[in-house]
Amino acid sequence: MAEGRRDYWTSLDYGKLPFSVYQTPIFLYGFKDIAPSGEDELIDYDVPAGYRLHIINTLVSCNKSGINTVFVGMTGVGVRYAYFDVNFMFPPTDSGDIVVDEGGNILMTCTNNSLVTARFWGSFHGYLEYKS
C-alpha cells in the first residue's frame, strides 16, 4: 500500500442483485468431437414445468480453424443459423432474448465443415423465471 493510504473502505455499498427472487441464473454447456462433414447436437434442454427460460447470450467455439456452422432452435423453430471460424458470440435474436415457455425445448447443433475431426463447445447464458 502507498504510504499514507488506507488499505480498507470506510463503508460498503450494496448493489441491486441482477435477478429477482423469481429468477434463477442458468448456464447450459455442451461439447463434442465432431467428425469431418459431421453434425451433432451440443445442447438439448427441456424447460421444466412452472418456469420460463430466457436465453440472453450464446457462445460457440471450435479448436480447428475453418468455416463451421451453428444452428440454434427452440421447439421446432429455427432462431439462428450462422457461419463461424473459431469463436462466435451472438445475442440470440435481433429483438432481444429467446423466451421458451415451460415444456419447450432449446437446442444447439454444430456442423464441422473442415477436413479433420474438431472439438466444439457451446453455451447458453440466461435465467429461469418462475411463472406465478
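Please refer to the structure higher up on the page.
Being a predicted model, the structure only gives us computed values, none of them experimental.

## Some points on the overall build of the protein
Working step 1: Scanning the protein from terminus to terminus reveals 0 helices and 9 strands.
Working step 2: Counting across all 132 residues of the protein, residues that qualify as buried make up 36%.
Working step 3: Carbon and sulfur atoms provide 54% of the accessible area of the protein, an area that totals close to 8400 Å².

## Some details on the pairing of strand 9 (residues 118–130)
Working step 1: With 12 bridges connecting them, strand 1 (residues 23–34) and strand 9 associate as antiparallel partners. Along strand 9, the bridge assignment pairs Ile34 with Ala118.
Working step 2: Note that strand 3 (residues 51–62) and strand 9 share 11 bridges and pair antiparallel. Looking across to strand 9, one finds that Ser61 is bridged to Trp121.

## Observations concerning the pattern of salt bridges
Working step 1: For the coordinates displayed, the defined rule picks out 5 salt bridges.
Working step 2: For the salt bridge of Asp101 with Arg52, the shortest nitrogen-to-oxygen distance reads 3.1 Å. With Asp101 in the loop between strand 7 (98–100) and strand 8 (105–111) and Arg52 in strand 3, this residue pair connects regions lying 49 residues apart in the sequence.
Working step 3: Judged by its relative accessible area of 41%, Asp101 falls in the partly exposed class.
Working step 4: Take Arg52: its relative accessible area is 24%, and that puts it in the partly exposed class.
Working step 5: In this structure, the salt-bridge partner of Glu102 is Lys131, at a minimum N-O distance of 3.4 Å. Note that Glu102 is positioned in the loop between strand 7 and strand 8 and Lys131 in the segment after strand 9, a separation of 29 residues in sequence.
Working step 6: A relative accessible area of 27% means that Lys131 is categorised as partly exposed.
Working step 7: Salt bridges sharing partners connect three or more residues here, namely Arg52, Asp101 and Glu129.

## Some details on unusual backbone geometry
A negative phi angle characterises most non-glycine residues, just as the trans form characterises most peptide bonds.
Working step 1: Although it is not a glycine, Ser37 sits at a positive phi angle of roughly 60°.
Working step 2: Residue Ser37 is classed as exposed on the basis of its relative accessible area, which comes to 63%.

## Focus on the sheet that holds strand 5 (residues 77–84)
Sheets are built from strands paired through backbone hydrogen bonds, the pairs being either parallel or antiparallel.
Working step 1: Across the sheet, 4 strands lie side by side as 2-8-4-5; this open sheet has antiparallel pairing. Either end of the sheet is taken by a strand with one partner, and the two such strands are strand 2 (39–46) and strand 5. Across this sheet, the average inter-strand angle for adjacent strands is 15°, counted without regard to direction.

## Quick word on the packing of aromatic side chains
Working step 1: As enumerated under the stated definition, the model contains 7 aromatic pairs in all.
Working step 2: With centroids separated by 5.8 Å and ring planes inclined at 70°, the aromatic side chains of Tyr51 and Tyr130 adopt a geometry described as edge-to-face. A residue pair is termed long-range when its members are at least 10 positions apart, and Tyr51 in strand 3 and Tyr130 in strand 9 qualify at 79 residues.
Working step 3: The structure contains a cluster of three or more aromatic residues connected by ring pairs, namely Tyr22, Tyr51 and Tyr130.

## Points about the side chain of Gln23
Working step 1: Topologically, Gln23 is positioned in strand 1.
Working step 2: Judged by its relative accessible area of 18%, Gln23 falls in the buried class.
Working step 3: Each residue touching Gln23, except ones within four places of it in the same chain, is listed here: Pro18, Tyr127, Leu128 and Glu129.

Conventions we followed
- Residues numbered from 1 in each chain as written.
- Predicted model: local features only at pLDDT ≥ 70, side-chain atom pairs only at ≥ 80, totals over all residues.
- Heavy atoms only, no water.
- Helix = DSSP H or I, 4+ residues; strand = E, 2+ residues; numbered from the N terminus.
- Buried < 20%, exposed > 50% of the residue type's maximum accessible area, 1.4 Å probe, protein only.
- Areas by Shrake-Rupley, 256 points an atom, 1.4 Å probe, with all protein chains shown as cover.
- Pairing = 2+ DSSP bridges.
- Salt bridge = Lys/Arg side-chain N within 4 Å of Asp/Glu carboxyl O.
- Axes fitted to C-alpha atoms, helices over the stretch in contact; angles between N-to-C directions.
- Phe/Tyr/Trp six-rings, centres within 6.5 Å; stacked < 30°, edge-to-face > 60°.
- Contact = heavy atoms within 4.5 Å.

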